[in-house]
Amino acid sequence: MSESANKDNMFMGPAFTQAVKLSCQEDVNTLLSQSTFYVCKYIFLSVNNSVDVNNADSGTHWSLLFVNRTSSEAYHLDSMAGVNRKSAHEVALKIGIMEGSIFEIPCYQQKQWFRVWV
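Reading the values: rules and limits
- Residues numbered from 1 in each chain as written.
- Predicted model: local features only at pLDDT ≥ 70, side-chain atom pairs only at ≥ 80, totals over all residues.
- Heavy atoms only, no water.
- Helix = DSSP H or I, 4+ residues; strand = E, 2+ residues; numbered from the N terminus.
- Buried < 20%, exposed > 50% of the residue type's maximum accessible area, 1.4 Å probe, protein only.
- Contact = heavy atoms within 4.5 Å.
- Areas by Shrake-Rupley, 256 points an atom, 1.4 Å probe, with all protein chains shown as cover.
- Core = buried A, V, L, I, M, F, W, Y, C linked by side-chain atoms within 4.5 Å.
- Pairing = 2+ DSSP bridges.
- Right-handed = clockwise from strand over helix to strand, strands pointing away.

Draft legend 1. Layout of the overall build of the protein. Tallying secondary structure elements over the protein gives three helices and six strands in all. When the elements of the protein are put in sequence order from the N terminus, they spell out β-β-α-α-β-β-β-α-β. For the protein, the proportion of its 118 residues judged to be buried stands at 36%. If you take every contact in the protein between residues at least 6 apart in sequence, the share linking residues at least 24 apart comes to 58%. Just so you have it, the protein exposes about 6800 Å², and 57% of that area is on carbon and sulfur atoms.

Take a look at the structure:
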């Protein structure tokens with residue numbers, strides 16, 4: 001399991017996030033219970049647009065999903081607005097965030113598919 005956490009924050013790596021996105025809800029619940037998910041306040045997830053169950057690091061675009069567990073809200077930041085929206089929403093819903101509590105946050109938009117600016 002690729003994750004890093006301290007008392008308040010958890011950083012889920014690509015493989016963990018991909019497993020959440022592509023697994024059934026029962027398996028997601030097991031994954032989350034075996035991690036520090038339920039004790040952390042803030043979760044950072046790297047989201048990609050891959051649907052390849054065999055390669056967690058595949059996909060053509062990555063974005064960030066920030067989850068505030070204290071308010072049960074998720075915030076999605078995508079430098080190519082809309083490309084990862086579906087994937088981010090799938091992950092957020094699977095970890096218990098309600099549809100009306102998932103927000104797309106405006107951020108810098110990359111002008112080419114191959115050049116990313118932070």
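Draft legend 2. Highlighting helix α3 (residues 85-94). All of the buried residues along α3 are S87, A88, H89, V91, A92 and K94. Considering only its buried residues, α3 is in contact with α1 (14-22), α2 (25-33), β3 (42-48), β4 (62-68), β5 (73-77) and β6 (102-105). Taken from the residues just after α3, G96 is the one with a positive phi, measuring 100°.

Draft legend 3. Inspection of the nonpolar core at higher detail. Of all hydrophobic cores here, the largest spans 20 residues; its most connected members are M12, I43, L45, L65, V67 and I95. Taken together, the elements giving at least two residues each to this core come down to β2 (9-12), α1, α2, β3, β4 and α3. What L65 contacts, discounting residues up to four positions off in sequence, is I43, F44, L45, V47, A74, Y75, H76, A88, V91 and A92.

Draft legend 4. Up close: the environment of I102. Looking at the element boundaries, I102 is found in strand β6. Considered as a pair, I102 and H89 are 13 residues apart in the sequence and their alpha carbons are 7.0 Å apart. Residues in contact with I102, not counting those within four places in the same chain, are A74, H89, A92, L93 and I97.

Draft legend 5. Focus on the pairing of β5. Here β5 shows a clear split, with A74 and H76 buried on one side and none of E73, Y75 and L77 buried on the other. Taken together, the five bridges between β4 and β5 define a ladder with antiparallel strand orientation. What sits directly across from F66, in β5, is Y75. Count of turn residues in the β4/β5 antiparallel hairpin: four residues, of which S72 carries a positive phi of about 55°. Examined bridge by bridge, β5 and β6 share four bridges and lie parallel to one another. Paired with Y75 across the strands is F103, a residue of β6. Where the polypeptide runs from β5 across α3 and back to β6, its parallel neighbour, the crossover connection is right-handed.

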